[in-house]
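What follows is the residue order along each chain.
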Amino acid sequence: MLQYLSQEQVIHLDIAAPEKLPEGQSVYSTILDIFPSNIIEAMANNQMLAIVFFSILFGLALNKTNHLTGNLSESFEKLNTVFMQLVLMIMSYAPIGVFCLIGKFVITDGLDIFQEAFMYVVLLISVLIFHAIVTYSIFLKIFTNLSPLVFFKKMRETAIFAFSTSSSAATIPVTLKTVTTDLGVNKNIASFVIPVGATINMDGTAIMQGMATVFIAQMSGIDLSIFQYMQVVLLAVVASVGAAAVPSAGTITLVIILQQFGLPLEAIGIILAVDRILDMLRTSVNVTGDAAVACIVAHSESLLDKEIFDK
Ligand code: ASP
């Protein structure tokens, strides 16, 4: 079983957490929960998976009926800006919340909390780097037979830009330029794949959410079964799709997974305390993934200029 804190290392947080997670929630019912029978009820009951699913469907339908609905989609965009501002206003108080939560954990559990957090950071960084180098190289080799080395060399500046902004959305113009002028992806493919990828393809974020959930479960002294690990994977993928491409958004949708398992939400204080550097790194991974997918899609459509790629 995946256990990255040994029994002696596990410190049990002094927070209200269930002894064992409810067994009733099977993988099957988690999948069923994604499809709401009543969206108003889902919103009232905070069923985040159902809300994310409905929002995706709603967006698709809105897109298809744009010519009939006038500027309705623009109104949603404006509303989105207002909500983003709301989130930023609330998040500006996060340092105070994190300070208080960490202070409480240190008083009740001692300084060991920092050792745990350090292990989480080191392990997550290793997994993110492994994923970026190994997974993308294998995918590029299998689906396009392009050189991963050339790909990573040309992606260097874009990855650094993503690292410094912590936002896949802010990096879109740089990613677009790199994939079209340096990697030889056709403009039409790039202008579709990159913005869509920046919004929904967040493998770095999904990895963080999965590991953070396991970390919090272990810190709370809760054993996850193999089915619950599978649920964590599924939920992390959906929650990462629901995360906005802005700094720290992944930690906000992490709440979806913790809620689903009944894990203590205040443990997010520890995750937030060490999230700065992790956010920077996972954004680079997210953006590199978008570019790799753009190459694969362009290659499958014979719209990748190999001469530009190899130049
Ligand atoms: N900052 C990430 C991005 O923009 C999202 C996150 O994981 O917080 O890709």
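As the structure is a prediction and not an experimental result, all values here were calculated from the model. (Residues numbered from 1 in each chain as written. Predicted model: local features only at pLDDT ≥ 70, side-chain atom pairs only at ≥ 80, totals over all residues. Heavy atoms only, no water.)

Draft legend 1. Spatial organisation of the overall build of the protein chain. Scanning the protein chain from terminus to terminus reveals 15 helices and zero strands. On C-alpha atoms alone, the protein chain measures out to a radius of gyration of 21 Å, which is about the 19 Å that the 2.2 N^0.38 rule sets for 311 residues. For the protein chain, the residues scored as buried account for 43% of the 311 residues in total. Averaging the positions of the 14 positive and the 23 negative side-chain charges in the protein chain gives two centres separated by 14 Å. (Helix = DSSP H or I, 4+ residues; strand = E, 2+ residues; numbered from the N terminus. Rg over C-alpha atoms; globule rule 2.2 N^0.38 Å. Buried < 20%, exposed > 50% of the residue type's maximum accessible area, 1.4 Å probe, protein only. Lys, Arg positive; Asp, Glu negative; His and termini not counted. Charge placed at Lys NZ, Arg CZ, Asp CG, Glu CD.)

Draft legend 2. Seen up close, the site of the ligand. Taken together, 15 residues form the shell around the ligand, and within it Ser 168, Thr 205, Gly 250, Asp 279 and Arg 282 come nearest. Within the backbone of Ala 245, one N or O atom sits 3.4 Å away from an oxygen atom of the ligand. One of the side-chain nitrogen or oxygen atoms of Asp 279 is found 2.8 Å away from a nitrogen atom of the ligand. In isolation the ligand exposes 270 Å². Once the protein is present, 100% of that is buried. For the shell around the ligand, the elements supplying multiple residues, two or more each, are α12 (249–261) and α14 (275–300). Residue composition of the shell around the ligand, by class: five nonpolar, eight polar and two charged. (Near = heavy atom within 4 Å. Polar contact = N/O pair within 3.5 Å; in protein donor to acceptor, adjacent residues only side chain to side chain. Areas by Shrake-Rupley, 256 points an atom, 1.4 Å probe, with all protein chains shown as cover. Nonpolar A, V, L, I, M, F, W, Y, C, P; charged D, E, K, R; others polar.)

Draft legend 3. Expanded view of the nonpolar core. Counting residues in each nonpolar core, the largest one holds 45 residues, and the members touching the most others are Tyr 120, Leu 124 and Ile 270. Elements with a contribution of two residues or more to this core: α3 (48–64), α5 (94–109), α6 (112–144), α10 (203–219), α11 (226–242), α12, α13 (268–273) and α14. Take this core: its biggest share by element is ten residues, from α10. (Core = buried A, V, L, I, M, F, W, Y, C linked by side-chain atoms within 4.5 Å.)

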